[in-house]
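A closer look at the structure
Spelled out, the chains give:
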Amino acid sequence: MMKLFKVSTGAILLDGTAFYRLDIEWDELINRSNLYYYLANDIEGKYLIDPNEAFRAIENLLLAPIGLQEVWAAGVTYLRSREARMEESAESGAADLYDKVYAAERPELFFKSLPHRVAGHNQQVYIRRDSSWSVPEPEMTLFINSMGEIQAYTIGNDMSSRSIEGENALYLPQAKIYERSAALGPCLFIPEVPPDPQAAIKMKIERGGKVVYADETTIGRMKRSFTELAHYLFRECDFQHGCFLMTGTCLVPPNDFTLEEGDNVSITIDHIGTLVNTIAYKPTTIK
Ligand code: DO4
Ligand code: MG
């Protein structure tokens, strides 16, 4: 089991209980075949470091585990997402679209984010001011190399406006793509074999110190396989540095729930860790 953390001073590898610093540029480091075996080896630029130094760097300097990659997302891959989307779009008459795409051979894949809009662990994600109904979407997220091979896994939050998507399905890009509408982290998980379908995915939302939503399921309840989604994405797109693919939400809060400024969203996936983000509005001045 290996975990790769991107920090502002480079990359830190946790292999079992040992920590290493990797003096290799992030995109070059992760975009390769057999990433697991590469990292397990005694490679040039890999140095054993003191665990305290590693803990300090991960605590203080952590970034989202992304370089120059695009982030894509799959939709309606779990029954729960199909059901929620059919409810929110009932009035617009688009409910049938979600039913059909859940059953269709071709999955729904959509562009989600460029790297500069992605938040990391413990950073803010935004809700839109023009959205009356906003939710986080906890999603197992794949890192796929430029050859189309799944090499690593991370936790994704596909922040979404249910009011905008529900009003008209053609508003999907506005419901999904805006500043800090995606979060990835806390690390890349690089297993020797693909993750166990029984792995749990959990989401908890806290408001003023109280839990206002908590639920969990397993990643294996997905209708499609990870490789199927990756194959469709790579059919007619090249990704020079590889890409990230969020695989769809399996947990949706009840219909009377909307996120508020200051909420804390924690998403946990077995073996990978926990991604925590605070909800905020985009500042009105450009930073
Ligand atoms: O169909 C719209 C988006 C679906 C989605 O993001 C999901 O199922 O996770
Ligand atoms: Mg989603």
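Before reading on, note that the structure itself is shown above.
What comes next concerns the included structure. It should be emphasised that the depicted structure is a prediction, and the values quoted were computed from it without experimental measurement.

Brief notes about the pattern of salt bridges
Here the structure, examined in full by the defined rule, presents 16 salt bridges. Among the ionic pairs, Glu83 bridges to Arg80, the shortest N-O distance being 2.6 Å. Taken as a pair, Glu83 and Arg80 lie in helix H4 (residues 79-88) at a separation of 3 residues, close to a single helical turn. What makes Arg80 partly exposed here is its relative accessible area of 24%. Here Asp263 makes a salt bridge to Arg207, at a shortest N to O gap of 2.7 Å. Residue Asp263 is found in the loop between strand S16 (243-246) and strand S17 (264-269), and its partner Arg207 is found in strand S14 (residues 200-207); the two are separated by 56 residues along the sequence. Look at the salt bridges and you will find they share partners, linking Arg85, Glu88, Lys112, Glu137, Asp158, Arg162, Glu165 and Lys176 into a network.

Regarding the site of ligand 1
The local shell around ligand 1 holds 16 residues, among which Val76, Ser81, Glu108, Lys176 and Thr249 are the closest. Here an oxygen atom of ligand 1 and a backbone polar atom of Val76 are 2.8 Å apart. One of the side-chain nitrogen or oxygen atoms of Glu108 is found 2.7 Å away from an oxygen atom of ligand 1. Notes on ligand 1: free accessible area 280 Å², of which the protein chains cover 99%.

Considerations on the pairing of strand S5 (residues 70-75)
With respect to burial, S5 is a largely interior element, 5 of its 6 residues being buried. Bridging between S5 and S16 involves 4 bridges; their strand directions are parallel. Across the sheet, the residue bridging to Val71 is Phe244, located in S16. Both S5 and strand S6 (residues 108-113) contribute to a ladder of 5 bridges, which runs antiparallel. If you follow Trp72 over to S6, its bridge partner there is Phe111.

Reading the values: the criteria
- Along every chain, residues carry numbers that run from 1 in the direction the sequence is written.
- Written order decides the labels, with chains lettered from A and ligands numbered from 1.
- At least 70 in pLDDT is required for a residue's local features to be given in this predicted model, at least 80 for side-chain atom pairs to be given and counted, and no such filter applies to totals for whole chains, interfaces and linings, which use all residues.
- Values reported for side chains reflect all heavy atoms of the structure, with hydrogen atoms and water molecules removed beforehand.
- Basic side-chain nitrogens of Lys or Arg form a salt bridge, by our definition, when they fall within 4 Å of a carboxyl oxygen of Asp or Glu.
- Numbering of helices and strands starts at the N terminus; helices are DSSP runs of H or I of at least 4 residues and strands are runs of E of at least 2.
- Each residue's exposure class comes from its accessible area (1.4 Å probe, protein chains only) as a fraction of the maximum for that residue type: buried when under 20%, exposed when over 50%, partly exposed otherwise.
- Any residue with at least one heavy atom within 4 Å of a molecule or strand is counted as near it.
- Pairs of N or O atoms are called polar contacts if they sit within 3.5 Å, as long as, within protein, a hydrogen donor faces a hydrogen acceptor (for residues adjacent in sequence, only side-chain-to-side-chain pairs).
- Surface accessibility follows the Shrake-Rupley procedure with a 1.4 Å probe radius. Residue values consider only the protein chains on display as shielding.
- By definition, two strands form a pair when at least two bridges between them are found by DSSP.

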